Amino acid sequence: MNTTGVLADHQIREMIAEGRIASDQPVTDGQVQPASLDLRLGDVAYRVRASFLAGRQRTVKDRLDDFKMHEVPLEGGAVLEKGCVYVAPLMERLSLPQGMTAAASAKSSIGRLDLLTRIITDHGVEFDRVPEGYDGPLYVEICPRSFSVVAQPGQMLNQIIFRQGKTLMSDEELAALHAQNPIVSGDPVISDGLGFSVDLRPAKGTLVGYRAKPHTGVVDLSKLDHYDPTEFWEEVHAKDGWIILDPGAFYILVSREAIVIPPMQAAEMAPYLAMVGEFRVHYAGFFDPGFGYAEAGGAGSRGVLEVRCHEAPFVLEHGQVVGRLVYEHMAAMPAALYGREIKSNYQGQGLKLSKHFRG
């Protein structure tokens with residue numbers, strides 16, 4: 001596989017067939033997305049004293065021996081408590097060829113629950129990154145931050161993409177792409193990717209977002225379209241185009257711009273690296289080819305923003321740039337695009353909570 005770019009669905013299936021992506025439980029077709037693979041929880045999680053990386057000289061198992069407090073069987077469902085840190089083996093393991101790396105991210109629904117999940121590897125020195133030539137198991141660190149959750153084996157909290165060679169698009173390439181096939185509504189802000197801003201002047205009404213309540217029940221990750229949003233979230237309204245973020249609070253907001261990921265591109269959401277240190281846009285990561293693409297039923301799709309304020313209250317203004325999308329070349333055209341073809345949850349979305357909540 002010599003083509004440069006992010007691997008498409010049929011190329012991921014080739015890696016499964018070759019045994020480069022392997023599992024004791026066969027990888028299912030439903031795990032394969034247009035440019036990513038969903039990863040499944042194993043049957044146990046370990047409560048640990050602190051978050052950790054293995055480091056170049058050690059395995060995750062070595063570090064678990066140092067830091068684990070107790071074992072949590074996941075069969076039948078187990079509560080992972082807010083504010084605690086867990087490490088769980090994943091079902092999948094990798095054997096990457098030279099020249100290929102992988103990068104992981106929380107799935108959209110998991111990010112919207114403020115559930116911090118990060119992939120760690122043996123001998124790893126970064127979260128969510130798998131170096132070229134890696135041959136070994138995968139683990140996920142799980143830290144529920146706003147809500148305790150019920151998790152069980154086989155659930156898919158994370159996704160992983162595979163990169164062959166250098167995949168990033170330059171600003172010049174991005175500008176040319178926009179000129180040929182607009183990737184954002186309005187004039188693009190292109191600098192180390194595509195900048196996007198926050199919408200605090202909605203076309204109708206004053207609802208601009210949601211803030212997680214501090215004391216709630218648990219969210220069972222297996223229950224979809226189930227929970228009453230008012231039991232977990234407070235509505236956030238803006239009458240004058242601004243809101244004040246409270247320190248430590250978690251918000252769901254939405255981008256002002258509609259975003260498009262064409263079929264031969266993928267994208268990753270990154271925080272806006274400006275001299276504004278009072279808040280951070282958390283990111284659930286990857287946007288598959290076809291997100292927001294009109295031909296895949298996605299016209300008008302916005303980016304949902306997961307925002308946490310830091311030490312001081314901070315005024316967030318309508319149109320303020322809060323993040324950027326880093327676009328990448330695909331290695332091949334996907335067999336299926338995000339959206340209608342695979343019944344994606346968030347195609348055509350506006351302001352939207354995770355799929356666990358009604359409405």
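In this text, all values refer to a predicted model and were calculated from it rather than measured experimentally.

A count of helices and strands for the protein chain gives four helices and 26 strands. For 359 residues, the compact-globule formula gives about 21 Å, and the C-alpha radius of gyration of the protein chain, at 20 Å, lands near that figure. Residue burial in the protein chain is summarised as follows: out of 359 residues, 54% are buried. Within the protein chain, counting contacts between residues at least 6 apart in sequence, those at least 24 apart form 81% of the total. A total accessible area of about 15600 Å² is found for the protein chain, and carbon and sulfur atoms account for 49% of it. Of the charged side chains in the protein chain, 35 are positive and 45 negative, and the gap between their average positions amounts to 3 Å.

On to the pairing of strand β4 (residues 44-48). Counted residue by residue, β4 has four buried out of five residues, so it is predominantly covered. Pairing of β4 with strand β5 (residues 68-73) involves five bridges; the strand directions are antiparallel. Each bridged residue has a counterpart across the sheet, and for R47 the counterpart in β5 is H70. Pairing between β4 and strand β7 (residues 85-95): three bridges, direction antiparallel. From the neighbouring strand, R47 faces β7, where its bridge partner is Y86.

Mapping D128 onto the fold places it in the loop between β9 (115-121) and β10 (129-130). Summary of buried charges: D128 has no salt-bridge partner, and the nearest side chain of opposite charge, R129, is 5.4 Å away.

Right, let's get into the nonpolar core. Membership of the largest hydrophobic core comes to 51 residues, with the highest contact counts inside it found for L37, L41, L94, I142, I160, F162 and W233. The residues contacting L37, other than those within four sequence positions of it, are I12, I21, V27, Q31, V32, N158, Q159, I160 and F162. One finds M169, F291, L305 and Y338 within the second-largest nonpolar core, a separate group that totals 34 residues.

Geometry of an aromatic ring pair is reported as the spacing of the ring centres plus the angle between the planes. Summed over all chains, the structure comprises nine aromatic pairs. Among the aromatic residues, those joined into a cluster by ring pairs are F147, Y227, F232, W233, F250 and F357. When the ring centre of F127 is taken as origin, the NZ or CZ atom of R118, which lies over that ring, is 3.6 Å away.

Turning to helix α2 (residues 60-67), its buried residues number three or more, namely V60, R63, L64 and F67. Looking straight down α2, one finds that the buried residues subtend no more than 105° of arc, so they occupy a single side. The elements touched by buried residues of α2 are β4, β5, β7, β9 and β11 (135-144).

We now examine the pattern of salt bridges. Taken as a whole and assessed by the stated rule, the structure comprises 15 salt bridges. Between D24 and R93 there is a salt bridge, with the nearest N and O atoms lying 3.6 Å from each other. You can see D24 sitting in the loop between β2 (21-23) and β3 (37-40) and its partner R93 sitting in strand β7, a full 69 residues away along the chain. For D24, a relative accessible area of 68% puts it in the exposed group. Judged by its relative accessible area of 37%, R93 is partly exposed.

Let us now look at the environment of S222. Note that S222 resides in the loop between β17 (219-220) and β18 (233-237). Along the chain, S222 and H356 lie 134 residues apart, while their C-alpha atoms are 8.2 Å from each other. With residues near it in sequence (within four places) discarded, S222 still touches Q152 and Q155. Side-chain polar atoms of S222 contact the side chain of D220, separated by 2.7 Å.

Another point: the environment of S36. Take S36: it is sitting in the loop between β2 and β3. Accessibility expressed as a relative area gives 0% for S36, which makes it buried. With near-sequence residues (within four places) excluded, S36 lies in contact with I12, Q31, Q159, I160, I161 and D288.

Now for helix α4 (residues 171-180). For α4, the full list of buried residues reads L174, L177 and H178. One face of α4 carries all of its buried residues, which in axial projection span an arc of 100°. Exposed residues on α4 whose side chains face more than 90 degrees from its buried face are E172, A179 and Q180.

The mixed open sheet is built from three strands, whose spatial order is β6-β12-β17. Bordering the open sheet on either side are β6 (78-80) and β17, each of which pairs with just one other strand. Pairing of β6 with strand β12 (residues 149-151), which is carried by three bridges, proceeds in the antiparallel orientation. Along β12, the bridge assignment pairs V79 with V150.

Moving on: the pairing of strand β20 (residues 250-258). Counted residue by residue, β20 has eight buried out of nine residues, so it is predominantly covered. As judged from the two bridges shared by strand β16 (residues 207-212) and β20, these two strands associate in the antiparallel manner. Residue pairing in the sheet places Y210 in a bridge with I252 of β20. With six bridges joining them, β20 and strand β24 (residues 302-309) adopt antiparallel strand pairing. Paired with F250 across the two strands is R308, which belongs to β24.

Reading the values: rules and limits
Residues numbered from 1 in each chain as written. Predicted model: local features only at pLDDT ≥ 70, side-chain atom pairs only at ≥ 80, totals over all residues. Heavy atoms only, no water. Helix = DSSP H or I, 4+ residues; strand = E, 2+ residues; numbered from the N terminus. Rg over C-alpha atoms; globule rule 2.2 N^0.38 Å. Buried < 20%, exposed > 50% of the residue type's maximum accessible area, 1.4 Å probe, protein only. Contact = heavy atoms within 4.5 Å. Areas by Shrake-Rupley, 256 points an atom, 1.4 Å probe, with all protein chains shown as cover. Lys, Arg positive; Asp, Glu negative; His and termini not counted. Charge placed at Lys NZ, Arg CZ, Asp CG, Glu CD. Pairing = 2+ DSSP bridges. Salt bridge = Lys/Arg side-chain N within 4 Å of Asp/Glu carboxyl O. Core = buried A, V, L, I, M, F, W, Y, C linked by side-chain atoms within 4.5 Å. Phe/Tyr/Trp six-rings, centres within 6.5 Å; stacked < 30°, edge-to-face > 60°. Lys NZ or Arg CZ within 6 Å of the ring centre and 35° of its normal. Arc of directions from axis to C-beta. Polar contact = N/O pair within 3.5 Å; in protein donor to acceptor, adjacent residues only side chain to side chain.

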